[in-house]
Amino acid sequence: MNFSWLKKTLLVMKLTTIIMLVALFHVSAKSYSQKINLNETNAPLKKVLQKIGKQSGYVFFYDTKEVKDKTVTVKLKDASVNQALDNCLQNQLLIYKVVGNTIILQEQSPANQEKEQLKPVKVTGKILDEKGEPLPGVTIKVKGENTVTASGSDGSFAITAPSNNAVLVFSFIGYATQEVSVSAGQTMIIKMQPQANALNELVVVGYGTQKKVNLTGAVASVSSKDLESRPITNLGDGLNGLVPGLNVNVQNGQPGIGASFSIRGVTSIGANSNNSPLVLVDGVARDPNLIDPYDIESISILKDAASSAIYGGRAAYGVILITTKQGKKGKTQFNYSGSYTTTRPTLLPKYVNSEQYINLFNQAQRTGAASGGYTSSSPLTALDSIKAFAYFADPAHNPDAYPDPGNPNKYRYVGNTDWIKVLYPGWAPQQQHNLSLTGGDDKTTYAVNFGYFKQEGLEKLANQIYQRFTPSLKLNTDVTRWLTLNLSMSLTNTKNNNSASSRIGQGGPTNGSWIPGDLRPLQPVYNPDGNYSGQGSYSNPVAIINSGGRDINKQNDFWTTAKVTIKPADHFNIVSDFTYNALSDYDRANLVPFNEYGVNGTFLDVFPWTNPSQVTENRLNNNYSAFNAFATYENTFNKKHYLRALIGYNQEYKHYQTGYAFANNLIDPSLASIGQNNATKPVVNGTETEYALAGTFYRLNYIYDEKYLLEFNGRYDGTSRFAPGSRFAFSPSVSVGWNIAKEGFMSGLANDLNELKLRASYGVLPNQKTTDAASSAFQYPYIATMPYGSVNYLFNGQLGQYVGAPGLVSPTFTWEKVQTKNIGLDYSLLDTRLSGSFDYYITDTKNMLIGSQVLPAVLGTTPPVLNAGDLRTKGWEISLSWRDRLFNNQLSYNVRVGMANYINTIISDPNNTILSLSSHYQGERLGTIWGYTTEGFYKTNAEAAAVNNSALAGYTWLAGDVKYADLNHDGKIDFGNNTVSNHGDKKIIGNSTPRYRFNFNLNLDYKAFDFTAFVQGVLKADFDPTGSRVFNPFPSDEYGIPYAYGADSWTPTNTNAYFARARFAGSGNEQTQTKYLQDAAYARVKQLTLGYSFQPAWLNKVSLKKLRVYVTGSNLITITSLFKGFDPEIIQNGGSYQTYPIDKAVSFGIQATL
Amino acid sequence: MKTKYLIYTTLAVIMIFAACKKDSFLNRTPLSDISPQTFFKSETDLQLYCNQYYSQLPVQVFANADDQSDDKANNSINQYLAGTTTIPVTGGGWSFTFIRTCNYFLANYSKANLSDATKNIYVGETLFFRAMTYWNLVKRFGDVPYINKYIVDTSKSALYGPRLPHKQVMDSVFKDLSFAVANIPVTTPNGRLNKYDALALMARVCLWEGTYRRYAGAGDETNYLQAASTAAEQIMSSGKFSLYTTGNPKTDYYNLFIQYDLRSNPEAIMCMYYAPTVLMNNNDRTMGEAGDGYSKNFVRSYLCTDGLPTALSPLYKGDDSLDAEVTNRDPRMAQSIATRGFDFLNGDLITLPRIGTSVTSTGYQPIKGRSSRLADWNANASTLNFFIFRYAETLLIEAEAKAELGLCTQSVLDLTINKLRDRVGMPHMIIANLVKDPQSNFPSLPVLIDEIRRERRVELASDGFRFDDLLRWHAGSLINNPETILGIKLLPKVRAEYPASQVGSVVVDGNYYVRVYPSITTRTWNDKLYLSPIPTQEITLNPAIKQNPGW
């Protein structure tokens, strides 16, 4: 292809940009002429002012009446604006004020004349609510000063103002803040009005803001208030359960682990499809887990296609817009907030003790032997049992190890160690501190924030410490009346220092298990002679943690955005910004060898898994830049026709680089320095990838008479992730709204009905998101590259390197599309005491890039991903809020309830023609659980032998094995050919999709106290624990360590047990089945906070503006019927019994403003 | 006016941006990965591609080898022979991934601008591995779909073809191997495949197929038996290989399998070489903890030093103790099984067989390929080499093929079996003197073939051939012999020598032989086990594929 035309176009574009900028600066230079020349005699003042305006570039603002009939005589040369005005206005009883680039003229009133007389005055008054009742507890503040007081129980107040010109600010939660000028000498009666609901509040939407009342899409918003009142470790923690339809998946409670988000359960079953929403922080895509939650001002969640369409191909699964705190005009304000938290897992696993272990192990061994199943190749001996039982009964007088009769150098262990207690003995602390400084004058504002967070891991001995520093700086300045510059910079610096034990698969929470998988309770921590236990076969986590090396991760995420806002004329606004991000991540793990000793300190061997000494380094360097430019026109014609149009351009580029280096045989094994090695074959690896995205977008709003709302959004996107012929996609959307409450025929209800709005929207968005990682497979999914690596065969003494066959890629590979229809209702009643909204949606994910094509294995590779398959999500969300006051207005309360529900159904999946149950199939409801129907346990061996269970497990089935129902009466238990048409004895026994997620918030304010309760949960969900060790003492072999619950397994003397007979690799009993299906519904009290705000009288003494102390309990109470081995939140997010659980925590915090 | 100018310019700029199809900005291609378009240009490229095949080489790792046969009875019963294998939905060995890897090469290698001779070296390597893979599929499943083209279009019927009959697939395997033999050079650099490696595989595959056809009654076996012999003879006559010996019949056989560099060993046609820190294995330790053991039936096949079976030899001392049992026996027995005085690890000498522990199940602890060095015991730190093709096997192939062809003369035996016997100081096998063993596993076979099979079993103990041999001899029912799951004799007075706790749970039969599996006294062969089950999903997807008999 010839691209010369393109180059030319680009050149033209560049030139045009330059010309435009030059023109801009030319204009600005002219408009700042300070030289005023006047020669007027008895000229009308209006005309003279016009001349000054023309020469200086200033705009005048005045009441025409005041200027009318006034004349002026003036002669000036090269005078300044001030000189000119002073000259013109003397003797005119007019004063002027320069505000920005506007000059305001005012009549010189008697009050103004007294302006200079600064004399403190004492002001008294009474505050009433809307019903005329006294309103206590209202904060009264002198504007611009530190003087603060509050109204008493009868609503009265007294305050000393600095002068007669002072303005008092009256504020109270739930009421509109009022500013009233001091009227000295008389009792001021202030009538507070309930906060005109949030309807006129501005909500951040894509590339702009919108009045809440004028929204036509499904948008939810969260203010900083909901995040500030308690300590949260990260944004996910704070948003969890707050907004119906926003699902936050907290993966686990490991220090430094973030959350993932999804909106409305809308999803794709596409291969590598990333169905997380686009998260934009101040307009730039960022990882929400790396943001300091204290820096957040507001969050908008764009749920439907209409509101997200402007973001195109990355927004198919919704958008989360985060706005951070900006500087505020006024006096410098200094804030501090800090908290100390102590955490404990919501639950800790319980493993069997030595006695239970031996019993279960021997039962499994006997079962295996009796039924031709798996048996241990190193069974426990009779002597082991005798000694272990003796120690169990009387640890003080019996040894926990004895020399092995078969090998006198080695111990056999017969102790009884609770490894969980050894490794996770207590509570782990967290602390956080935030300092912020904001302020500014009329033209320039600034905000400086510094956050610090520190969390210690629960595995005490590992001494894991996670730290995060988040400094940021924001500057905003109005350079001229038409030009605003904005610069923001932020850094997130994290450090995670952990033991290297997880690196070698030897346990530790980072690889998903609490203790090494084969760590028997029989093993003591130390040998009788004082050395660490463990003799090659059994790893001792305490030894590894203390001696095996460290794994340290450091991350720096730097962001800077420069933004220019130009207002070339009334109603016009042009914004252009450029963002740059550098993310670097460096991880270094080193392994240090240590010795293992046998009986009486005999040297046995060097512990093999950390030998030889080694260092691994993983580096990541990502660079990202984004450019946005958009222009807005906004105007109201004839008072009834509101019009806003926006058009813009966005482009983004990201470059990924990773590096990996490995060397072993360090010169000094304890020095984690990769350079100091004797390695024969160090390993170096690296990848480099990139992606680019460019799009043009528009929005058009039209509102007629505040009643009829119409909005069009759209975007035309191109991405580097698809082949040139199929890389562009258009995402159109339209939405309409009808403010019924504003109709004339509703006027009778005006007092009770504050808002009633119907909304409807439709839009189609393409999806380009794949896993965001530096791999060619994710970044160039349409190009099949040839894999390379090393092969375990030595060519001339060196590992062979190879280049392999590429995978298959469909030639038609392109965007998948998400089409959403949404209808909604917003309402606000009874003086806005009751408000809420309801949304119903149908989302079709079409042409999903599905990799689940089922093809015969003779193909020899993974079937190519195809644009096939449609998924439909139907759901609704409801939210309801009630706020009022009680007890003579002294108690204000607010109750919010939300609920969301959805179901996903596969509409078509042409890849799975045979409707195999092992992948998605047409008609499937996502989350469907197929399983067998349990009929208890076989009572006798004969009963078991009579049933053909060979499809599930080939060993002989015995009494105590699970008895399944023969649903299809074919005389055997099987799964047919595992398809929808022939599923044997399986049937649908449940669904794992969480249904009816709900949240409940209660806020109370009583005098100086505030109280918040937040409950969140799911009303319906099933959980299939198959594969979890809770239900299978020895799932795949003899090496697993059963959980304590496994002790209730069937034996001839315990036939009413919960679990079947113990087996090594007892796959027959481990089928998905009705008996062990769990009801995963739950309600969890996420937060209970009690706060106390010190009263103004006291605050004045210590020169503080605000001081609040609080105590918060998180996750303290959970109600669920789930089997006690599981945390309901963890399993909902795909975790299991072994996942590091989320924490319950108690925090103490303080918030102060100077 | 200025304002208007500004607005229009700005809008114009945005429109221009919008109108530009930013292909140059959006065109991004892999920066650090290899694209197929630029590959297969040079000989290095061909080599790089072929290197991946080498991970498929049939390395003779001793740990747990032959557990699925009548030779051994591991603590953990073999699930396949126990009949407890279930039909899988997918997987189960029905994999054509490697076939595709080979076919991709064949579809692309000709892009390289090289001489045909050079290219054919790598085509030869590719066909060597494709042949080996198909042979393995045939051994496991019988008839299999034969794919010899690189499939791009997944909608094509190529994916839905029927299974090609066993014999036709093997004829293609033979063709592939012939090409490999003809085109892979005699000498190659850096441990790459050479002509003799190809011949060794040719000999192995052809003997398997020839005897399979004969004993399964499939017919047309002669060509294969002849080809096996021809290939073996080409290796023998090359003069490059001989049996390893230092003149010490009591130690040479054991020492051969604990070598740290077999690359210059005359018995290694091809070896798996390991080097410290670069590539190491864990075999030594695995073998010491595998709970493994030879079966009574296997141990019985060792002849006495007079060349007679235990049932006939006056030298046989009985099996009341392992000490007695090993007396006057083929020296390979004491070099394959841990007996008194064997250094288990670093000076820890064996006195009694370590039954009741994870060291051995039957008491006949396999030591072939196990050293006593602590360094080898360390995790993944051993560099003991393995054989891929061992000259001894070639000699056994020649003897067996010739015998099956009816052409095995004494001079054939002298060039093959008797060379093996010379190394360990056993008397020669003399055709004229052969006596049928009354306890033979193959009572109806001619004594010559019977004894050649015995020699093979003994020499190739733990080399991993036994189950394949049972398949090709149609001799699966050998596992029905109760002796195949028995261990040493544990008379009460021997038991008393052990700590009670160690052998407390060891069960013996009426004659005091250790019963490895207390719940069964014998295994039962089912003829369906000659072929493995085909995953159910394959049959659902492709009705042309039918399940193997009995499954």
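Residues numbered from 1 in each chain as written. Chains lettered and ligands numbered in written order. Predicted model: local features only at pLDDT ≥ 70, side-chain atom pairs only at ≥ 80, totals over all residues. Heavy atoms only, no water.

A. Structural detail: the overall build of chain B. Of the regular secondary structure elements, chain B holds 22 helices and 7 strands. For the C-alpha atoms alone, the extent of chain B along its principal axes is close to 120 × 55 × 50 Å. Counting across all 551 residues of chain B, residues that qualify as buried make up 59%. Looking at chain B alone, contacts between residues at least 24 apart form 73% of all its contacts between residues at least 6 apart. Approximately 19,800 Å² of chain B is accessible, and the part contributed by carbon and sulfur atoms is 54%. If you average the places of the 56 positive and of the 53 negative side-chain charges in chain B, the two averages end up 7 Å apart. (Helix = DSSP H or I, 4+ residues; strand = E, 2+ residues; numbered from the N terminus. Buried < 20%, exposed > 50% of the residue type's maximum accessible area, 1.4 Å probe, protein only. Contact = heavy atoms within 4.5 Å. Areas by Shrake-Rupley, 256 points an atom, 1.4 Å probe, with all protein chains shown as cover. Lys, Arg positive; Asp, Glu negative; His and termini not counted. Charge placed at Lys NZ, Arg CZ, Asp CG, Glu CD.)

B. A look at the pattern of salt bridges. Taken as a whole, this structure holds 70 salt bridges over all chains when the rule is applied. For A:Arg1084, the salt bridge goes to A:Glu1129, with nearest N and O atoms at 2.9 Å. With A:Arg1084 in strand β55 (residues 1082-1093) and A:Glu1129 in helix α16 (residues 1128-1132), this residue pair connects regions lying 45 residues apart in the sequence. Its relative accessible area of 2% is what places A:Arg1084 among the buried residues. Accessibility expressed as a relative area gives 5% for A:Glu1129, which makes it buried. A salt bridge links B:Asp261 to B:Arg263; its shortest N-O distance comes to 3.0 Å. Overall, B:Arg263 belongs to the partly exposed group, its relative accessible area being 46%. (Salt bridge = Lys/Arg side-chain N within 4 Å of Asp/Glu carboxyl O.)

C. Local environment of the sheet that holds strand β18 (residues 278-281) of chain A. Residue and element names in this part refer to chain A. In spatial order, the strands read β15-β20-β21-β18-β19; together these 5 strands make up an open sheet with mixed pairing. Each having just a single partner strand, β15 (219-223) and β19 (284-285) make up the two edges of the open sheet. Inspection of the sheet shows β18 paired to strand β21 (residues 319-324) by 4 bridges, in the parallel sense. Counterpart to Leu 280 in the pairing with β21 is Leu 321. (Pairing = 2+ DSSP bridges.)

D. Spatial organisation of the nonpolar core. By size, the foremost hydrophobic cluster in this structure holds 138 residues, and its most contacted members are B:Phe105, B:Phe129 and B:Tyr134. Sorting elements by how many residues they give to this core places helix α5 (residues 116-141) of chain B first, with 13 residues. With residues up to four places along the chain from it excluded, the contact list for B:Phe105 reads B:Phe40, B:Leu46, B:Tyr49, B:Cys50, B:Tyr53, B:Tyr122, B:Val123 and B:Thr126. With 58 residues, the next largest nonpolar core counts A:Val414, A:Ala959, A:Val962 and A:Tyr964 among its residues. (Core = buried A, V, L, I, M, F, W, Y, C linked by side-chain atoms within 4.5 Å.)

E. Seen up close, the confidence of the model for chain A. All names here are of chain A. Model confidence for chain A is summarised by a mean pLDDT of 83, while 91% of its residues fall at 70 or above. Taken together, the stretch residues 111-117 has pLDDT below 50 and engages in 7 contacts with residues farther than four places along the chain or on a different chain. The low-confidence segment residues 507-511 (pLDDT under 50) makes 18 contacts with residues lying over four places distant or belonging to another chain. (pLDDT = per-residue confidence, 0-100.)

F. Focus on helix α9 (residues 354-371) of chain A. All names here are of chain A. With 18 residues, α9 extends 26 Å between its outermost C-alpha atoms, agreeing within 8% with the 26 Å of an ideal straight helix rising 1.5 Å per residue. Buried residues belonging to α9 abut α10 (382-393). At the N-terminal end of α9, a side-chain oxygen is found 3.1 Å from the backbone nitrogen of Glu 355, two or three residues along, and the residue is Asn 353. Just downstream of α9, Gly 372 is the residue with a positive phi angle, here 70°. (Expected span 1.5 Å × (residues − 1). Polar contact = N/O pair within 3.5 Å; in protein donor to acceptor, adjacent residues only side chain to side chain.)

G. Structural context of the side chain of A:Asp844. Residue and element names in this part refer to chain A. By secondary structure assignment, the location of Asp 844 is in strand β42 (residues 834-846). Since its relative accessible area comes to 4%, Asp 844 is described here as buried. Within the structure, Asp 844 has its side chain in polar contact with the side chain of Arg 872 (distance 2.8 Å). Residues contacting Asp 844, with those up to four places away along its chain left out, are Lys 817, Val 818, Gln 819, Lys 821, Leu 871 and Arg 872.

H. Looking closely at the state of the cysteines. Residues and elements named next belong to chain B. For the coordinates displayed, the defined rule picks out 0 disulfides over all chains. Free of any disulfide, Cys 102 has its nearest cysteine sulfur in Cys 50, 8.6 Å distant. In this structure Cys 102 comes out as buried when scored by relative accessible area, which is 0%. Left without a disulfide partner, Cys 271 is nearest to the cysteine sulfur of Cys 50, which lies 20 Å away. (Disulfide = S-S within 2.5 Å.)

I. Examining the interface of chain A and chain B more closely. With 113 residues of chain A at the contact, the number on the chain B side is 99 residues. Across the interface of chain A and chain B, roughly 9,100 Å² is buried in total on both sides, 67% from carbon and sulfur atoms. Broken down residue by residue, the surface that chain A buries against chain B is led by A:Met786, A:Tyr793 and A:Val858, which jointly contribute 8%. Scanning the region where chain A abuts chain B turns up 1 salt bridge. With a closest N to O distance of 3.2 Å, B:Arg28 and A:Glu690 form a salt bridge. Our count for the chain A to chain B interface comes out at 16 residue pairs in polar contact (both at pLDDT 80 or more). Considering every element that reaches the side of chain A that touches chain B, the biggest residue donor is helix α1 (residues 4-31) of chain A, with 12 residues. Among the residues forming the side of chain A that touches chain B, the class breakdown is 62 nonpolar, 44 polar and 7 charged. (Buried area = accessible area lost by both parts, 1.4 Å probe. Nonpolar A, V, L, I, M, F, W, Y, C, P; charged D, E, K, R; others polar.)

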